[in-house]
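# Results of the structural survey
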Amino acid sequence: MSAMSGWLELADIQGRPKRMWTQSLSWVLFALGVAVYLQFSIARHRENPDDRVMPTGTQLMAGVHSAVMDQPEEDDPLADGASRWERVTHGMLWKDTVASGERFGISLLLLIPAILLGLHMAVFPLAESVFLRFFLFFDKIVALSLLPILFIVFGIDQWSKIMLMVIGVGPTLVLDTYNLAKAVPREQVVKAFTLKSSNLDVAYRVVLKQILPQVINSVRLNLKPLALFLFAGEMIASTDGLAYRIALMRRHMGMDIILPYLLWVALLLFVLDGTLRLVNRRLNPWY
Amino acid sequence: MVLRAMERRAKQRVMPVRAAAETEIALRDVTVRYKLAGGGSKTVLHRLNVEIRAGEFVAVLGETGCGKSTLLRMVLGQEFPNEGAVVVDGKPVRRIDARCGYVPQKYALFPDRSVMQNVLYGPENAFCGWMGRARPRFWRFRRELRAEATQMLLRMGLKSGDFSKYPGQLSGGMQQRVAIAQALMMRPPVLLMDEAFSALDPSTRASLQQQLKDAWQETKPTVLFVTHNTSEALLLATRVLVLRPHAEGETESNVLVDMQVPHTNEPLSVRRRTREFEQLHEHVKQLAFRESDGGTELVPTGLVQEMPRRGDAAE
Ligand SMILES: Nc1ncnc2c1ncn2[C@@H]1O[C@H](COP(=O)(O)OP(=O)(O)O)[C@@H](O)[C@H]1O
Ligand SMILES: [Mg+2]
């Protein structure tokens, strides 16, 4: 009866489904995904026991274990007596996560000046006239096409990848912050000056403070492009990193490693996004 | 017109508003044109000559689009006239500064600051720059300031429970009360208000009008109060300016009426019901709206009839 009325509520805009019901519904697609995958995986393995495209549950668990505990093939093997902890911190997942995370973190830090530039462009007319046109154009350059130049200028390790991410996402963030700051009502700026604000007061304590929650949301939306550029860089030229491993495994169809890696990356982004959302709510209770 | 102007000048000589009747705001031959999108330009203000003395409460009336806000922006220093000069407090206006307090119709408060922080923002800036705030002297000052701000907010009709709320959590009327308190805390010589009460319901509006009038009577700042409501203008102001839209090719100024309003001490709620006030209201309406047939006057409330509801009528 209650399930019946629940299904009816799916088509009722004014419906107020119970919390238990909405909570369990929110997991349905996950469960469905897993079920469909296992179904196909089992079917494929029945036809060909050596199938490598859709590893079974047990194979996946073995893959996870190997990703966490085993060293990458390019490293020198550990001594036999290595502790569990040592094995994890020398394992491929750990090593790749640290390498990719470092690139990701540095790029995020380098995006802070981009945000401040956007702010200054919106607030100071002179900065606007210097930078706006350039960034409107620069934003249209397809960042990946710059990769060869980046490799030459920054070498093929760390910095070329970091610069790819910054060049890929930076202009978007500059322009987004610029638009957000421009949308702050003129009254606010005028009012601030009548309240004896200095120029920097207006820029940082009035305008930036007001748009900060939207800027953080914009960064959240840009996490995905950022990861995309990171993966592009790592897949093309790298000796470590999450995407490097995926590209490597693809060569010998190591789906039992690739799938856990893929889910791990999604989980990391999901957690990072959620953290930023939480920080946003803490920092800006008024929003 | 000429007679009226002479009458006005005579009145000015007889009853100075403040001991020192120096000119606080002067607009000299101010002309403002805006470029139109399709080429050409449109004159909004034409050869305006207005002298406002310290302590006057001037209401600026006129229909929408006649340049009231433009006038205010000139005094504020947000824009500059194409011709002529604007002088505030003896100095030409060059940039927006703390000479003028400002209460716009919307976006008056900083949404990311609580009511109390909004009110403290200006005086704190005036006391010292951002760097000086670690010193104990600042914290002592801040304690005194808080007491003063509390007084001011209570006087404007807020409850102490509201002090820590954000503007988004307050009604429009409450927000305007805070905005006025915020501006008055700076004790500006000039207070500019642009349709500050226009979005409020009648009873909130009436109570805010009284509070503004009281606050003005205490400290006597020079007020420039833009409104399109005639009775509001006549209730509050000591002087009323009526602007009219400038028609292309006209040579005279677009100040239509410039008159003193007789001063009384009654509460506004009493005042608005007196016969004298009604006559005054009628008089100004005749003067100001005889050409534009009262297009901007608000419909008097109380005339809205009950309508049957649709659902009920169907039965
Ligand atoms: N920045 C601008 N550019 C072009 N026209 C403007 C600008 N600001 C105001 N105007 C025009 O000037 C006229 C007066 O505007 P305003 O002073 O805002 O009128 P109001 O009396 O309603 O406050 C309007 O017709 C408006 O369209
Ligand atoms: Mg206006």
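Every chain is numbered on its own, with residues counted from 1 as its sequence reads. Chains carry letters and ligands carry numbers; both start at the beginning, A for chains and 1 for ligands, and go up in the order they are written. With pLDDT at 70 or above as the cut-off, local features in this predicted model cover only qualifying residues; side-chain atom pairs require 80 or more to be listed or tallied, and sums for whole chains, interfaces and linings still use all residues. Heavy atoms from the whole structure form the basis of all side-chain values; hydrogens and water molecules are not counted.

### Side note on the sheet that holds strand E1 (residues 23-35) of chain B
Residues and elements named next belong to chain B. Judged by pairing direction, the sheet is antiparallel, and its 4 strands sit side by side in the order E2-E1-E4-E5 without closing on themselves. A strand with exactly one partner marks an edge of an open sheet, and here the two such strands are strand E2 (41-53) and strand E5 (91-92). Paired strands are those between which DSSP finds at least two bridges. Runs of E in the DSSP output that reach at least two residues are strands. Runs of H or I that reach at least four are helices, and both are numbered from the N terminus. As judged from the 9 bridges shared by E1 and E2, these two strands associate in the antiparallel manner. Bridge pairing in E2 links Leu27 to Val50. Its contacts with the sheet place helix H2 (residues 68-76) against E1, E2 and strand E4 (83-88), and it is angled at close to 120° to E1. Note on contacts: a residue pair is in contact if any heavy atoms of the two residues lie within 4.5 Å. Axis lines are fitted to C-alpha atoms, over the contacting stretch for helices. Their N-to-C directions set the angle, which ranges from 0 to 180 degrees.

### Considerations on unusual backbone geometry
Residue and element names in this part refer to chain B. Here the phi dihedral of Asp89 falls at roughly 60°; this positive angle occurs in a residue that is not glycine. Assignment of secondary structure puts Asp89 in the loop between E4 and E5. Using a relative accessible area of 37% as the deciding quantity, one classes Asp89 as partly exposed. Phi at Arg187 takes a positive value of approximately 45°, unusual for a residue other than glycine. Summarising the element assignment, Arg187 is placed in the loop between helix H5 (172-184) and strand E7 (190-194). Remark: exposure states derive from per-residue accessible area (1.4 Å probe, protein chains only) relative to the maximum for the residue type, with buried under 20%, exposed over 50%, and partly exposed in between. Classification of Arg187 by relative accessible area gives exposed; the value is 61%.

### Section: the confidence of the model for chain A
On a scale of 0 to 100, pLDDT captures the predictor's confidence in every residue. Residues with a pLDDT of 70 or more make up 97% of chain A, whose mean pLDDT is 92. The least confident element of chain A, judged by mean pLDDT, is helix H1 (residues 2-9) of chain A at 61; the most confident is helix H6 (residues 125-138) of chain A at 97.

### Points about the interface of chain B and chain A
Accessible area lost on assembly of the parts is the figure often given for the size of an interface. Taken together, the contacts link 28 residues of chain B with 20 residues of chain A. Take the accessible area each of two parts loses on contact, using a 1.4 Å probe, and add the two losses: that sum is the buried area. With both sides pooled, the region where chain B packs onto chain A buries about 2,300 Å², and carbon together with sulfur makes up 60% of that total. The salt bridge criterion pairs a side-chain nitrogen of Lys or Arg with a carboxyl oxygen of Asp or Glu, the two atoms within 4 Å. Scanning the region where chain B abuts chain A turns up 1 salt bridge. For Asp112(B), the salt bridge goes to Lys209(A), with nearest N and O atoms at 3.1 Å. Polar contact criterion, stated in full: a pair of N or O atoms within 3.5 Å, where within protein one must be able to donate a hydrogen and the other to accept it, and residues adjacent in sequence count only if both atoms are side-chain atoms. In this assembly, chain B and chain A are joined by 10 residue pairs in polar contact (both at pLDDT 80 or more). Among the elements of the structure, strand E6 (100-103), helix H3 (115-127) and H5 of chain B are those that each provide at least two residues to the side of chain B that touches chain A. With 4 residues, the top contributor of residues to the side of chain B that touches chain A is H3(B). Of the residues that constitute the side of chain B that touches chain A, the class distribution is 18 nonpolar, 4 polar and 6 charged. Under the grouping applied here, Gly and all other residues not named as nonpolar or charged are polar, the nonpolar ones being Ala, Val, Leu, Ile, Met, Phe, Trp, Tyr, Cys and Pro and the charged ones Asp, Glu, Lys and Arg.

### A closer look at the sheet that holds strand E8 (residues 222-226) of chain B
Residue and element names in this part refer to chain B. Ordered by their spatial adjacency, 6 strands build an open sheet running E6-E7-E8-E3-E9-E10, and the pairing between neighbours is mixed. Each of the sheet's edge strands pairs with one partner strand only, and the pair in question is E6 and strand E10 (255-260). Across the sheet, the mean angle from the axis of one strand to that of its neighbour is 15°, orientation sign disregarded. Relative to strand E9 (residues 239-243), strand E3 (residues 57-61) runs parallel, the two being bridged by 4 bridges. Bridge pairing in E9 places Val60 opposite Leu241. In this fold H2 packs onto E3, E6, E7, E8 and E9, with an angle of close to 150° to the strand it touches most, E7.

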